[in-house]
Amino acid sequence: MSTYTQVLYQIVFSTKNRENVLLKENRTRMYNYIAKILMNNKCFVYKINGVENHIHIASSIHQSKSLSNVVADIKRSSSVWIKNERLFPEFSEWQVGYGAFTYSIKEKDYLVKYINNQETHHKTITFREEFIGLLKEFEVKFEEKYLL
């Protein structure tokens, strides 16, 4: 028998100190680069989007990979690439840590729509408010002092 899985993740992380440095005109290039990192890790990408200080990724992680290693690869590789390409001149690095939330594959369309609507969503809510909302919705215990 082979191994079969279907785990859909929403992965969320921000720039260091939530700095507003991800310029809109270059975000698509960054999303495409991150998608290649995921595909190189045998992951399936459903959607990547974000705003000036954070990104959301909807992806299934290949069963041979660990979530933490995939996210570390995304952050490490994209940081180097962003700096080499001078894509976002004020970008220093990604935040330490990330959020990851699981969804049923039946919720895929909802998740993709949610990620697609990030710019509209963030006209009324901050990243901090959104992230705390996700942590509460998914019943993840957290300490506010670590959410600077």
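Moving on, we come to the packing of aromatic side chains. A complete count under the given rule lists nine aromatic pairs for this structure. Within the aromatic cluster, the residues linked to one another by ring pairs are Phe101, Tyr103, Phe127, Phe131 and Phe138. Across the ring face of Phe13, the terminal group of Lys75 is positioned such that the distance to the ring centre comes to 5.3 Å.

Time to look at the sheet that holds strand β1 (residues 8–14). Reading across from one edge, β2-β3-β1-β4 is the order of the four strands in this open sheet, with antiparallel pairing throughout. In the strand order of this sheet, the two ends are held by β2 (44–51) and β4 (99–103), each with one partner. For this sheet the average axis-to-axis angle between neighbouring strands, irrespective of direction, equals 15 degrees. Here β2 pairs with strand β3 (residues 54–60) via seven bridges, running antiparallel. Residue pairing in the sheet places Gly50 in a bridge with Ile55 of β3.

One pass over the structure, following the stated rule, counts nine salt bridges. A salt bridge links Asp73 to Arg76, with the nearest nitrogen and oxygen atoms 3.4 Å apart. With Asp73 and Arg76 both in helix α2 (residues 67–85) and three residues apart, the pair spans about one turn of that helix. Using a relative accessible area of 19% as the deciding quantity, one classes Asp73 as buried. The partner of Lys108 in a salt bridge is Asp109, and the shortest N-O contact between them spans 3.4 Å. Taken together, the shared-partner salt bridges connect Lys24, Arg27, Glu52 and Glu119 into one network.

The tendency in soluble globular proteins is for nonpolar side chains to be buried side by side. Formed by 26 residues in total, the largest nonpolar core has its most connected members in Met30, Ile55 and Ile57. Among the elements of the structure, β1, α1 (24–40), β3 and α2 are those that each provide at least two residues to this core. Residue contacts for Ile55: discarding those within four places in its chain leaves Ile11, Val12, Phe13, Leu22, Met30, Tyr31, Ile34, Asn49, Gly50 and Trp94.

Where α1 contacts α2, the axes come no closer than 10 Å and their chain directions differ by 140 degrees. Here α1 is positioned oblique relative to α2, judged by the angle of their axes. Here α1 and α2 pass one another in a crossing that is right-handed. Facing Arg29, Met30, Tyr33, Ile34, Ile37 and Leu38 of α1, the residues of α2 in contact are Val70, Asp73, Ile74, Ser77, Ser78, Trp81, Ile82 and Glu85. When grouped by side-chain class, the residues that make up the contact of α1 with α2 number nine nonpolar, two polar and three charged.

Thresholds, definitions, all that
- Residues numbered from 1 in each chain as written.
- Predicted model: local features only at pLDDT ≥ 70, side-chain atom pairs only at ≥ 80, totals over all residues.
- Heavy atoms only, no water.
- Phe/Tyr/Trp six-rings, centres within 6.5 Å; stacked < 30°, edge-to-face > 60°.
- Lys NZ or Arg CZ within 6 Å of the ring centre and 35° of its normal.
- Pairing = 2+ DSSP bridges.
- Helix = DSSP H or I, 4+ residues; strand = E, 2+ residues; numbered from the N terminus.
- Axes fitted to C-alpha atoms, helices over the stretch in contact; angles between N-to-C directions.
- Salt bridge = Lys/Arg side-chain N within 4 Å of Asp/Glu carboxyl O.
- Buried < 20%, exposed > 50% of the residue type's maximum accessible area, 1.4 Å probe, protein only.
- Core = buried A, V, L, I, M, F, W, Y, C linked by side-chain atoms within 4.5 Å.
- Contact = heavy atoms within 4.5 Å.
- Parallel < 35°, antiparallel > 145°, perpendicular 65-115°, else oblique.
- Left-handed = near helix turned anticlockwise from the far one by under 90°.
- Nonpolar A, V, L, I, M, F, W, Y, C, P; charged D, E, K, R; others polar.

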